[in-house]
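Descriptive analysis of the structure
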Amino acid sequence: MKKFRKIIFVLLSIAAVFLVFMFWYQNEYAMDQAQEYEVNTPGENSRLLVATQGSEFKNTITTAIVDYYKTEAVYIKVIDVSALVGVNPTNYDALLVVHTWENWKPPSSVKSFMDRTTDYRDKMVVLTTSGEGSYKMEGIDAFTGESILEETPNHVGEIIKKLNPLLKL
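Because the structure is predicted, anything quoted here is derived from the model rather than measured.

**Description of the sheet that holds strand β4 (residues 94-100)**
Strands sit in the order β1-β3-β2-β4-β5-β6 across an open sheet of six strands; the sheet is mixed. Pairing within the sheet leaves two strands with one partner each, and these edge strands are β1 (37-39) and β6 (142-145). When strand polarity is set aside, the average angle formed by the axes of neighbouring strands in this sheet is 15 degrees. Pairing of strand β2 (residues 46-52) with strand β3 (residues 74-80), which is carried by seven bridges, proceeds in the parallel orientation. Of the residues in β3, the one forming a bridge with Val50 is Val78. Sheet strands touched by helix α3 (residues 108-116): β4 and β5 (124-129). Its angle to β4, the strand with the most contacts, is close to 145 degrees.

**Topic: the nonpolar core**
Ranked by size, the top nonpolar core spans 22 residues in total, and within it Leu48, Ile65, Tyr69, Ile76, Ile159 and Leu163 carry the most contacts. Elements supplying a minimum of two residues to this core: β2, α2 (56-69), β3, β4, β5 and α4 (152-166). Of the residues forming this core, the biggest block, five residues, is contributed by α2. Dropping the residues within four chain positions of it, Ile65 is found in contact with Leu48, Leu96, Val156, Ile159, Ile160 and Leu163. Ranked by size, the runner-up nonpolar core spans 19 residues in total, among them Leu84, Val87, Met114 and Ala142.

**Quick look at the pattern of salt bridges**
Tallying each qualifying case throughout the model produces three salt bridges. The closest approach of N and O atoms between Lys77 and Glu36, which form a salt bridge, is 3.9 Å. Pair noted here: Lys77 is in strand β3 and Glu36 is in the loop between α1 (2-29) and β1, with a separation of 41 residues, a long-range link. One salt bridge connects Asp115 with Lys111, and the closest N-O pair in it is separated by 3.1 Å. Linking Asp115 with Lys111, this pair stays in helix α3, spanning four residues, or about one helical turn.

**Describing α3**
Among the residues of α3, Ser109, Val110, Phe113 and Met114 are the ones counted as buried. Taken down its axis, α3 places every buried residue within 130 degrees of arc, on the same side. On its buried face, α3 sits against β4 and β5.

**Observations concerning α2**
Taking 1.5 Å of rise per residue, 14 residues should cover 20 Å, and α2 covers 20 Å from first to last C-alpha, within 8% of that figure. Within α2, burial applies to Phe57, Lys58, Ile61, Thr62, Ile65, Val66 and Tyr69. Down the axis of α2, the sector holding all buried residues measures 160 degrees, keeping them to one side. Elements that come into contact with the buried residues of α2 comprise β1, β2, β3, β4, β5 and α4.

**Notes on the side chain of Thr100**
With respect to the element layout, Thr100 can be found in strand β4. The buried category is assigned to Thr100, whose relative accessible area is 8%. A polar contact is formed between the side chain of Thr100 and the side chain of Thr129, at a distance of 3.1 Å.

**So, the packing of aromatic side chains**
Inspection of the entire model under this criterion finds one aromatic pair. Between Tyr68 and Tyr69, the aromatic rings sit 4.8 Å apart at their centres with planes inclined by 85 degrees, giving edge-to-face as the arrangement. Note on Tyr68: relative accessible area 39%, which makes it partly exposed. The side chain of Arg47 reaches across the aromatic face of Tyr92, ending 5.5 Å from its centre.

What counts and how
Residues numbered from 1 in each chain as written. Predicted model: local features only at pLDDT ≥ 70, side-chain atom pairs only at ≥ 80, totals over all residues. Heavy atoms only, no water. Pairing = 2+ DSSP bridges. Helix = DSSP H or I, 4+ residues; strand = E, 2+ residues; numbered from the N terminus. Axes fitted to C-alpha atoms, helices over the stretch in contact; angles between N-to-C directions. Contact = heavy atoms within 4.5 Å. Core = buried A, V, L, I, M, F, W, Y, C linked by side-chain atoms within 4.5 Å. Buried < 20%, exposed > 50% of the residue type's maximum accessible area, 1.4 Å probe, protein only. Salt bridge = Lys/Arg side-chain N within 4 Å of Asp/Glu carboxyl O. Arc of directions from axis to C-beta. Expected span 1.5 Å × (residues − 1). Polar contact = N/O pair within 3.5 Å; in protein donor to acceptor, adjacent residues only side chain to side chain. Phe/Tyr/Trp six-rings, centres within 6.5 Å; stacked < 30°, edge-to-face > 60°. Lys NZ or Arg CZ within 6 Å of the ring centre and 35° of its normal.

What follows is the structure, encoded as structure tokens:
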């Protein structure tokens, strides 16, 4: 009976350490909510939706993209990826989705959006970040990388090259 108690104690200790680790990991690496805002008026010639998550890297990417297009005749709407559930892709000429790979999968809102909008993937540009830098959703043509601030200009350049034809610029 004493041996059984020790085994139970060890198993419960391992479970407790695992839960503490998961809580710490989630607090340390979870994405913040991205702030929603609009630039220019909805009546502009082209319409761009940027769906992103809040982090220093993703905020830098978003700001660079918005700064690039804000002087053009482009209406820009920035939302958090959790708001993709209410997005109709026909309302936009181009959609930029910037998300991270969390817990070995994309955020559920991004996955659901991609699953329901397969007919509109030709107007989407996706940047997926992960610890390894190569994870992405199967069947999605996406840029991938790690969230390294020094690589921001490269990612922004690649994104703009893909967005310009969609926005007819």
